[in-house]
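The lines below spell out each chain.
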Amino acid sequence: MIYLDYQATTPVAPEVAAAMRPWIEEKFANPHSPSKWGREAAAAIEVARGQVEQALGLAGGRFAFTSGATEALNWALKGMFEKATRRKLVTIGTEHAAVLDTAEWLEGKGIEVIRLQVGSDGLVDLDMAEAAIDNETALVAAMFVNNEIGVIQPIAQIAQFAHNAGALMLCDAVQGFGRLGIPDGPDLIAISGHKIHGPKGIGGLWMAGGCDPEPLLHGGGQEQGLRSGTLSPSLCVGLGEAARIAVERRDADAEHIEKLSELALKTLRQGWIINGSAASRYRGNLNLRRDGLDGARLISDMRNIAFSLGSACASGSGRPSHVLRAIGLTDQQARSSIRLGFGRYTGEEELVSACRRIDEAANAQMQLPA
């Protein structure tokens, strides 16, 4: 199989698997136990926490482990409105479902929600954003790198608008963390381990000083008194090691991905159109369409190549992508779109081979009678 679905998940780095193994096998103690073995496990978690904080590269604040970014985003949104006196949330219509569905839930609790639209390039209009963020706004939520089309939102400017209005800013940095430098400005940042060659089931929320949300989970308060539940040393160590490697390899990974992107676009011949901005984007995400193509059928035909139509979280719904609709595509154009994701462990030859086969299969499909 040639794996081109890096936005859905990434292969676990060998170094990460090796770092996790002792904490799965012989070092199995509960990190919240006062025993020698428990204290050792707790110390390993703190090392991992420091590795994540270093990878984030932000001054001050603190990082709390969660089960993943979905929990972190729910915690930030629900927990901050538990504390806020203001009752307005401003977000973007192309956010991940973890934000948009939570925003809908908050609406049911009486919170006003403004969903900013984007242009055909997938980027929010800054004038529109500044006008929407006012002195009634408690929180602004914006994704750094879009998980479906890879466009990079102007996070620093959006955070500045929030702060000018006395609001806080939450950034879903899942697709950018470990790949790109995190912009200055956000007060809360959600990340996930399995997007940076770490394990699934682990992520977390970084919080600037004084920005701790009210707890989402109640119980023992094991994680800094903010989150209840026994932490998994193996998962925390895995995320920490993945973050450490991401920092170490960031420049090399970026250079490799830039070359892969150029090769993919060169190999895919006429008729393919990039969805979203061609300039303001993460190069490891190519969301492409070809008019008249049946994307789902193409995936079915390419059984030895793993790629997708869009978000893995919504791929089973049968509905066209809300992100592609937001940038002005018709339902048919959305269904004619595919997403190719590649990264650290993608070889140049295998990417060229996959793109050539995808192109040939698309050509064959287009020549068939309707």
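Refer to the structure printed above.
Residues numbered from 1 in each chain as written. Predicted model: local features only at pLDDT ≥ 70, side-chain atom pairs only at ≥ 80, totals over all residues. Heavy atoms only, no water.

(A) Main features of the overall build of the chain. For the chain, the count of helices and strands is 11 helices and 12 strands. Whereas a compact globule of 370 residues would reach a radius of gyration of roughly 21 Å, the chain reaches 21 Å, a difference of no more than 12%. With respect to the three principal axes, the spread of C-alpha positions in the chain is 70 × 50 × 35 Å. Split into buried and exposed, the 370 residues of the chain put 54% on the buried side. (Helix = DSSP H or I, 4+ residues; strand = E, 2+ residues; numbered from the N terminus. Rg over C-alpha atoms; globule rule 2.2 N^0.38 Å. Buried < 20%, exposed > 50% of the residue type's maximum accessible area, 1.4 Å probe, protein only.)

(B) Fine view of the environment of Gly 341. By the secondary structure assignment, Gly 341 is in strand β12 (residues 337–341). Along the backbone, Gly 341 and Gly 201 are 140 residues apart, and their C-alpha atoms lie at a distance of 21 Å. With sequence-adjacent residues up to four places away left out, Gly 341 is seen in contact with Tyr 3, Leu 4, Asp 5, Tyr 6, Gln 7 and Gly 284. (Contact = heavy atoms within 4.5 Å.)

(C) Local environment of the sheet that holds strand β9 (residues 273–274). One open sheet accounts for 3 strands, arranged β9-β10-β12; its pairing is antiparallel. The strands lining the two open edges of the sheet, one partner per strand, are β9 and β12. In this structure, β9 lies alongside strand β10 (residues 285–289), joined through 2 bridges in antiparallel fashion. From the neighbouring strand, Ile 273 faces β10, where its bridge partner is Arg 289. (Pairing = 2+ DSSP bridges.)

(D) Up close: the side chain of Lys 195. Among the structural elements, Lys 195 can be located in the loop between β7 (188–192) and β8 (203–207). The side chain of Lys 195 is buried and forms no salt bridge, while Asp 5, the nearest opposite charge, is found at 8.3 Å. Polar contacts involving the side chain of Lys 195 include one to the main-chain carbonyl oxygen of Gln 7, which spans 2.8 Å. Among residues more than four places away in sequence, those in contact with Lys 195 are Gln 7, Ala 8, Thr 9, Thr 10, Val 174, Gln 175 and Arg 179. (Lys, Arg positive; Asp, Glu negative; His and termini not counted. Salt bridge = Lys/Arg side-chain N within 4 Å of Asp/Glu carboxyl O. Polar contact = N/O pair within 3.5 Å; in protein donor to acceptor, adjacent residues only side chain to side chain.)

(E) Representation of empty space enclosed by the protein in the model. Across all of its chains, the model carries 2 cavities of 30 Å³ or more by this definition. The space that makes up the largest cavity amounts to roughly 130 Å³. As for the largest cavity, its lining consists of 14 residues, and the residues nearest its centre are Gly 178, Arg 179, Asp 253, Ile 257 and Tyr 282. Looking at side-chain class alone, the lining of the largest cavity contains 6 nonpolar, 3 polar and 5 charged residues. Looking at the lining of the second largest cavity residue by residue, the classes come out as 2 nonpolar, 4 polar and 1 charged. (1 Å grid on protein atoms, 1.4 Å probe; cavity = no way out; pocket = protein on both sides within 12 Å on 5 of 7 lines; lining within 4 Å. Points joined across faces, edges and corners; volume = space filled by probe spheres on them. Nonpolar A, V, L, I, M, F, W, Y, C, P; charged D, E, K, R; others polar.)

(F) Local environment of the pairing of strand β6 (residues 168–172). Counted residue by residue, β6 has 4 buried out of 5 residues, so it is predominantly covered. With 5 bridges joining them, strand β5 (residues 137–143) and β6 adopt parallel strand pairing. Along β6, the bridge assignment pairs Leu 139 with Leu 168. For the crossover that starts at β5, traverses helix α6 (residues 155–164) and ends in the parallel β6, the hand is right-handed. (Right-handed = clockwise from strand over helix to strand, strands pointing away.)

(G) Structural detail: the packing of aromatic side chains. According to the stated counting rule, one finds 2 aromatic pairs in the structure shown. Residues Tyr 3 and Tyr 6 carry aromatic rings whose centres are separated by 5.7 Å and whose planes lie at 50 degrees to one another, so their mutual orientation is tilted. Given a relative accessible area of 2%, Tyr 6 falls into the buried group. With 5.2 Å between their ring centres and 85 degrees between their planes, Phe 63 and Phe 65 make a pair best called edge-to-face. (Phe/Tyr/Trp six-rings, centres within 6.5 Å; stacked < 30°, edge-to-face > 60°.)

(H) Summary view of the environment of Leu 89. Relative to the elements of secondary structure, Leu 89 occurs in strand β3 (residues 88–92). Leu 89 gets classed as buried once you look at its relative accessible area, which sits at 0%. The spatial distance from the C-alpha of Leu 89 to the C-alpha of Ile 273 is 34 Å, given a sequence separation of 184 residues. Residues contacting Leu 89, with those up to four places away along its chain left out, are Leu 77, Phe 81, Ala 103, Leu 106, Ile 111, Glu 112, Val 113, Ile 114, Leu 139 and Ala 141.

(I) Expanded view of the packing of helix α2 (residues 36–56) against helix α7 (residues 233–267). At a closest axis distance of 8 Å, the pairing of α2 and α7 adopts a crossing angle of 30 degrees. By the angle between their directions, the pair α2 and α7 is classed as roughly parallel. For α2 against α7, the interelement crossing comes out left-handed. Contacts between α2 and α7 involve Ala 41, Ala 44, Ile 45, Ala 48, Gln 51, Val 52 and Ala 55 from the former and Pro 233, Cys 236, Val 237, Leu 239, Gly 240, Glu 241, Ala 243, Arg 244, Val 247 and Arg 250 from the latter. Residues of the contact of α2 with α7, tallied by class, amount to 12 nonpolar, 2 polar and 3 charged. (Axes fitted to C-alpha atoms, helices over the stretch in contact; angles between N-to-C directions. Parallel < 35°, antiparallel > 145°, perpendicular 65-115°, else oblique. Left-handed = near helix turned anticlockwise from the far one by under 90°.)

(J) Structural context of the nonpolar core. Counting residues in each nonpolar core, the largest one holds 105 residues, and the members touching the most others are Leu 56, Leu 89, Leu 340 and Ile 358. When residues no more than four places from it in sequence are discounted, the contact partners of Leu 340 are Leu 4, Gln 7, Leu 268, Gly 284, Asn 285, Leu 286, Leu 288, Phe 307, Cys 355 and Ile 358. (Core = buried A, V, L, I, M, F, W, Y, C linked by side-chain atoms within 4.5 Å.)

(K) The sheet that holds strand β2 (residues 62–66), seen in detail. Read from one edge of the open sheet, 7 strands run β2-β8-β7-β6-β5-β3-β4, paired in mixed fashion. For this open sheet the edge positions go to β2 and β4 (112–116), each flanked by a neighbour on one side alone. Averaged over all pairs of adjacent strands, the angle between their axes in this sheet comes to 20 degrees, without regard to strand direction. Sheet analysis places β2 next to β8, joined by 5 bridges and oriented antiparallel. Residue pairing across strands places Ala 64 opposite Leu 205, the latter belonging to β8. Here α2 sits on the sheet in contact with β2, β7 and β8, set at roughly 115 degrees to β2.

(L) Representation of the pairing of β7. Judged by how many residues are buried, β7 sits mostly within the fold: 5 of 5 residues are covered. Where β6 meets β7, 3 bridges bridge the pair, whose relative direction is parallel. Residue pairing in the sheet places Cys 171 in a bridge with Ile 189 of β7. For β7 and β8, the ladder comprises 5 bridges, and the chain directions are antiparallel. When the sheet's bridge partners are listed, Ile 189 is paired in β8 with Trp 206.

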